[in-house]
Amino acid sequence: MNLNILHEKKVDGGELLTISGELDAYTAPKLKETILPLVDVERASVTLDLKDTDYMDSTGIGVIIAAYKQSCKRNGTLVVQNLTPRVSRLFDITGLSEIITIDDIKKEETT
Amino acid sequence: MIDHKELYQHYRKLLIEHMERKSEKTLYNGQLFSRQMMENGVSPEDVLSLHIDVIKEFYPHMDEKFQSAFDFLLEAMIGYGLAYREHQNLRYKQRQLESEIDIAADVQQSLLVGEVPHYDFLDIGVISRPAKRMSGDYYHFVKDEQNCLSVAIADVIGKGIPAALCMSMIKYAMDSEPEQRTKPGAVLENLNRVVEQNVDPSMFITMFYGLYNESQHRLYFASAGHEPGFYYSSNKDEFQELIAKGRVLGLDRSTKYREYEKNIDVGDMVILFSDGVTECRTEKGFIERDEIVRLIRQRMHLSSQEIVDGVYKELERLQDFQLRDDFTLIILKREV
């Protein structure tokens with residue numbers, strides 16, 4: 001199964017990445033290539049929408065952790081939104097939900 | 001190397017046979033010949049040049065245009081010859097790499113496979129199988145002087161060689177701090193610092209660490225984002241999630257790990273596993289945790305080792321014998 005990444009600019013100037021498909025060992029490098037340059041900017045605001053992410057494994061979590069660490073280094077913010085129950089459980093088990101901001105707004109306005 | 005003259009005679013014989021008594025068999029001889037040539041590293045253009053030489057012998061007055069056409073074909077085959085040699089070269093390199101991986105896998109196996117300690121009061125079963133040649137799962141058991149058992153199960157993100165290398169680091173970090181074995185939270189805090197300092201930012205490790213105290217029959221444990229195991233209460237005859245909260249190793253340097261405890265009565269079980277067990281995928285979707293409970297329940301009359309072996313076989317069958325992820329399953333059952 002494939003992974004599609006839709007990159008949009010939000011009205012407030014932040015970056016919005018909407019991920020659909022499966023995030024696993026085969027597709028995670030694609031997200032890594034897209035998200036790391038975005039968070040590697042001083043005070044960048046990046047939102048990751050996972051409402052159409054049917055499946056995520058630990059490699060996907062690894063990419064999000066790497067993005068989170070980089071974002072902290074550059075004083076930016078990383079928000080993850082619309083987790084499916086399965087992904088939400090993974091965030092809870094790994095303790096990621098305690099340190100990464102999770103939003104549940106269904107649809108953000110985009111330009 | 002094959003002698004050119006011999007090769008020429010051999011090919012000549014096969015070709016004449018075919019030209020004079022054309023049949024399925026004489027054609028098939030051509031196929032056998034090509035296999036023999038490949039085994040001996042003879043390139044396609046060399047075979048073609050052999051063919052041209054034999055034809056020239058039969059038709060010394062061959063039309064010059066035919067001869068030119070042959071020369072042209074010979075040139076056209078050179079690219080195939082190069083590709084063939086490159087393929088041979090890659091095969092050789094691949095064999096070399098494979099033998100290196102075999103050695104690495106053996107080294108890892110010798111690191112991983114610690115002896116499972118024996119206790120009269122505790123029946124221990126364990127199975128650990130890599131999805132590829134090397135495993136990113138890790139488990140260990142240590143029996144200390146006070147007859148306490150420490151048990152650890154860890155899963156390094158990813159599979160294969162990178163995960164295996166990282167796992168070896170964990171193994172040494174754990175071996176180097178024996179005095180802390182009795183404090184699960186402290187063990188994880190130290191490992192977290194090791195991982196955070198040494199590993200790529202997208203790499204992380206989940207781990208469950210427990211200490212079974214024999215005199216109290218109590219399990220002290222802590223978890224670093226590891227897939228929750230199960231606790232089976234024989235009194236209530238029910239399975240519960242063995243919940244312990246804690247961040248994965250390598251996420252945040254200052255993480256503290258809370259220590260939990262659980263009394264273990266006779267007949268109770270503690271079931272620990274890596275996410276290779278719960279992430280089993282079949283045609284119908286993912287295996288639910290309830291399904292794992294059902295598979296264990298069916299086998300509760302058996303020894304712990306028979307249970308883990310049986311559950312593994314069943315899940316392997318459900319996935320058409322293709323593990324997607326490293327698989328580790330541990331069962332501790334209190335006997336007396």
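Residues numbered from 1 in each chain as written. Chains lettered and ligands numbered in written order. Predicted model: local features only at pLDDT ≥ 70, side-chain atom pairs only at ≥ 80, totals over all residues. Heavy atoms only, no water.

**Q** Looking at this model, I keep getting lost on the confidence of the model for chain A. Mind explaining?
**A** A low pLDDT means the predicted coordinates there should not be read in detail. All names here are of chain A. Considering every residue of chain A, the mean pLDDT works out to 88; 93% of them sit at 70 or more. Of all helices and strands in chain A, the one with the weakest mean pLDDT is strand β5 (residues 101-103) (90), whereas strand β4 (residues 77-81) scores best (95). Across residues 107-111, where pLDDT falls below 50, the model places 11 contacts with residues more than four positions away in sequence or in other chains. (pLDDT = per-residue confidence, 0-100. Helix = DSSP H or I, 4+ residues; strand = E, 2+ residues; numbered from the N terminus. Contact = heavy atoms within 4.5 Å.)

**Q** It is not clear to me how the sheet that holds strand β4 (residues 205-213) of chain B should be interpreted in this structure. Could you clarify?
**A** Two strands in a sheet stick together by hydrogen bonds in their backbones, pointing the same way (parallel) or opposite ways (antiparallel). Residue and element names in this part refer to chain B. A sheet is described by the order of its strands in space; here 5 strands give the open sequence β2-β3-β4-β5-β8, paired in antiparallel fashion. Looking at strand neighbours, the two that pair on one side only are β2 (137-143) and β8 (260-263), the edges of this open sheet. Sheet twist, expressed as the average angle between the axes of neighbouring strands with direction ignored, equals 15°. For β4 and strand β5 (residues 218-224), the ladder comprises 7 bridges, and the chain directions are antiparallel. Pairing of M207 across the sheet is with A224, part of β5. (Pairing = 2+ DSSP bridges. Axes fitted to C-alpha atoms, helices over the stretch in contact; angles between N-to-C directions.)

**Q** What is the right way to read the interface of chain A and chain B from this model?
**A** The parts lose accessible area when they come together, and the size of an interface is often stated as this lost area. Listed per partner, the contact involves 21 residues of chain A and 22 residues of chain B. Overall, the association of chain A and chain B removes approximately 1900 Å² of surface from exposure, summing both partners, and the carbon and sulfur fraction of that is 52%. Looking only at chain A, the three residues that lose the most surface to chain B are K69, R86 and I93 of chain A, adding up to 26% of its buried area. In this structure, the connection of chain A to chain B is made through 2 salt bridges. Residues R89 of chain A and E227 of chain B are paired through a salt bridge, measuring 3.0 Å at the closest nitrogen-oxygen approach. There are 4 residue pairs in polar contact (both at pLDDT 80 or more) connecting chain A and chain B. Of all the secondary structure elements, the ones that give two or more residues to the side of chain A that touches chain B are α2 (58-73), α3 (85-94) and α4 (96-99) of chain A. By residue number, the principal contributor to the side of chain A that touches chain B is α2 of chain A, which donates 8 residues. Here the residues of the side of chain A that touches chain B sort into 8 nonpolar, 5 polar and 8 charged. (Buried area = accessible area lost by both parts, 1.4 Å probe. Salt bridge = Lys/Arg side-chain N within 4 Å of Asp/Glu carboxyl O. Polar contact = N/O pair within 3.5 Å; in protein donor to acceptor, adjacent residues only side chain to side chain. Nonpolar A, V, L, I, M, F, W, Y, C, P; charged D, E, K, R; others polar.)

**Q** I tried to follow the pairing of strand β12 (residues 327-334) of chain B on my own but got confused; where do I start?
**A** When a strand is regular, its side chains alternate between the sheet's two faces. All names here are of chain B. Counting buried positions along β12 gives 8 out of 8 residues, so the element sits mostly inside the fold. Neither face of β12 is left uncovered, since the one carrying F327, L329, I331 and K333 and the one carrying T328, I330, L332 and R334 both have all their residues buried. Relative to β12, strand β9 (residues 269-273) runs antiparallel, the two being bridged by 5 bridges. Bridging from a neighbouring strand, V270 pairs with L332 of β12. (Buried < 20%, exposed > 50% of the residue type's maximum accessible area, 1.4 Å probe, protein only.)

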